[in-house]
Amino acid sequence: MSVTETGSARPEAYAHLAAEAAKLDAEDVLRDRREEFVLDESTVYLDGNSLGALPKAVPGRVADVIGREWGELRIRSWTESGWWTAPERIGERIAPLVGAAPGQVVVSDSTSVNVFKAVVGAVRIARGRDEAREEILVDAATFPTDGYIAESAARLTGCTVRPVQAGEVPAALGPRTAAVLLNHVDYRTGRLHDLPGLTAAAHEAGAMAVWDLCHSAGALPVGLDAHGVDLAVGCTYKFLNGGPGAPAFLYVRADHQEAFDSPLPGWNGHVEPFGMEPGYRPADGAVRGRVGTPDILSMLALEAALDVWDGVELDAVRAKSLALTDFFLRCVEAYVPRGRVESVTPAGHAERGSQVALRCADAASVMERLIASGVVGDFRSPDILRFGFTPLYLGFADVERAARVLAGTLGTA
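Note that this is a predicted model, so its numbers are computed, not measured.

1. A closer look at the UniProt feature "binding site: pyridoxal 5'-phosphate" (unreviewed entry) in the protein
Under the local residue numbering, the UniProt record ascribes the feature "binding site: pyridoxal 5'-phosphate" (unreviewed entry) to Thr 111, Ser 112, Phe 143, Pro 144, Thr 145, Asp 146, Asp 212, His 215, Tyr 237, Trp 267 and Thr 293. For the annotated residues, spread through 183 residues, the largest C-alpha to C-alpha distance comes to 30.5 Å, inconsistent with a single compact locus. As for its placement among the helices and strands, Pro 144 is situated in helix α6 (residues 144–157). Given the relative accessible area of 30%, Pro 144 is considered partly exposed. The residues contacting Thr 293, other than those within four sequence positions of it, are Trp 78, Trp 267 and Asn 268.

So this is what it looks like as structure tokens:
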């Protein structure tokens, strides 16, 4: 697309920002990571906050798992290929990416299943200390499934659910609050919530803090241990690039593990899983968060995908994320006809995740045309254009190009 096809910006604006993008890419300390992913250079992929790009190490690893470990070794691979210990082993690789010491993260099941485990487990711990705690506070803007699961957890535990805006949680907390379920980053707007402050407020009120890290794990430092988070869950197919349907992770803080009573006591979480005892005895540590047989193919694809994180500093990832989103917003302001879009993502760095959400009256059709033009983001009802910024494989020239194509799309709408 030529610059004359885009919005109302002057040609010198395009030249200036394109030159700046080239300079920023040359200075990018993470630029070599891009080579570790399978990317189509004709496309700007801004949907890594829904599904991360494929790391190049994954296909070969999955082929080996299928052809040799499954095809040749078969049942022997549970021990000889380390299948049985994969949930904890891969959990230990994710732990540093979310600020957790060893022994607190296990990979298993889906995010939704782990939210259920975490919320019920948190309520049971809270009510074990004070039976009067019978309310679960939920982020009113949460991803819908989290709300559905919180309602089910409440029915199971005899609690009620009260939706509140994240910023209103401190005022809503009280002696009846058992647990608080919050999203670290709002999936629609990209707003980053105050995990340290809200966790501290929950603890001051005697409640448990449960965090959904789906849109922050792999995008920014989380600091679970440092901030005293009680339980947390997260998916691995977004910024961790684990692949579609990759298993999620569950974090149980070390000092809660003995009291953690999972509502799904499966044989994989039993202290003697092959003892086939009629009664359930939970294993020690985060292992009790396991339920059934691990989904080995997707789990080992995730393990290979995590190789891209070797030697990566999360502070560098966060710095680049903010620089990319800042630059995109500048380009949008320079290129896009005024009044066509409005950013609903916070401008302040302390309140921004790794995405930009633009409100646009005809967002659904605009996104369809953007994708057809080689800029892949996604649409969130009713009027949000959502763009995710994955620092490991996205460059500043990509960002500048995406803004130009967006301007052209809006200018011809």
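2. Points about helix α4 (residues 86–94)
Among the residues making up α4, those that are buried are Ala 86, Pro 87, Ile 90, Gly 91 and Ile 94. For α4, the angular spread of the buried residues around the axis is 130°, confining them to a single face.

3. Overview of the side chain of Asn 241
By the element assignment, Asn 241 lies in the loop between β9 (231–234) and β10 (249–252). With a relative accessible area of 2%, Asn 241 lands in the buried category. When near neighbours in sequence (up to four residues on either side) are disregarded, Asn 241 contacts Phe 37, Gly 52, Ala 53, Pro 55, Thr 236, Ala 305, Val 308, Trp 309 and Tyr 393.

4. Observations concerning the pattern of salt bridges
Within the structure shown, the criterion is met by 32 salt bridges. Linking Glu 69 and Arg 61 is a salt bridge whose minimum nitrogen-to-oxygen distance equals 3.0 Å. We note a salt bridge from Arg 162 to Glu 135, for which the minimum N-O separation is 3.1 Å. Here Arg 162 is found in strand β6 (residues 160–164), whereas its partner Glu 135 is found in strand β5 (residues 135–139), with 27 residues between them in sequence.

Definitions and limits used
For every chain, the first residue of the written sequence is number 1, and numbering continues from 1 along that sequence. Given that the model is predicted, a residue must reach a pLDDT of at least 70 before its local features are reported, and side-chain atom pairs must reach 80 or more before they are shown or counted; all residues, however, enter totals for whole chains, interfaces and linings. Side-chain calculation: all heavy atoms of the structure are included, whereas hydrogens and water are not. UniProt positions are given in the numbering used here, feature names are shortened, and annotations may be inferred rather than shown by experiment. A helix here means a DSSP run of H or I that spans at least four residues, while a strand means a run of E at least two residues long, and both kinds are numbered starting from the N terminus. Burial here depends on accessible area, computed with a 1.4 Å probe over protein chains only, as a share of the maximum for the residue type. Under 20% is buried, over 50% is exposed, and the range in between is partly exposed. Should any heavy atoms of two residues lie within 4.5 Å, those residues are counted as being in contact. The arc in question is formed by the directions pointing from the helix axis toward the C-beta atoms. Any carboxyl oxygen of Asp or Glu that lies within 4 Å of a side-chain nitrogen of Lys or Arg is treated as forming a salt bridge with it.

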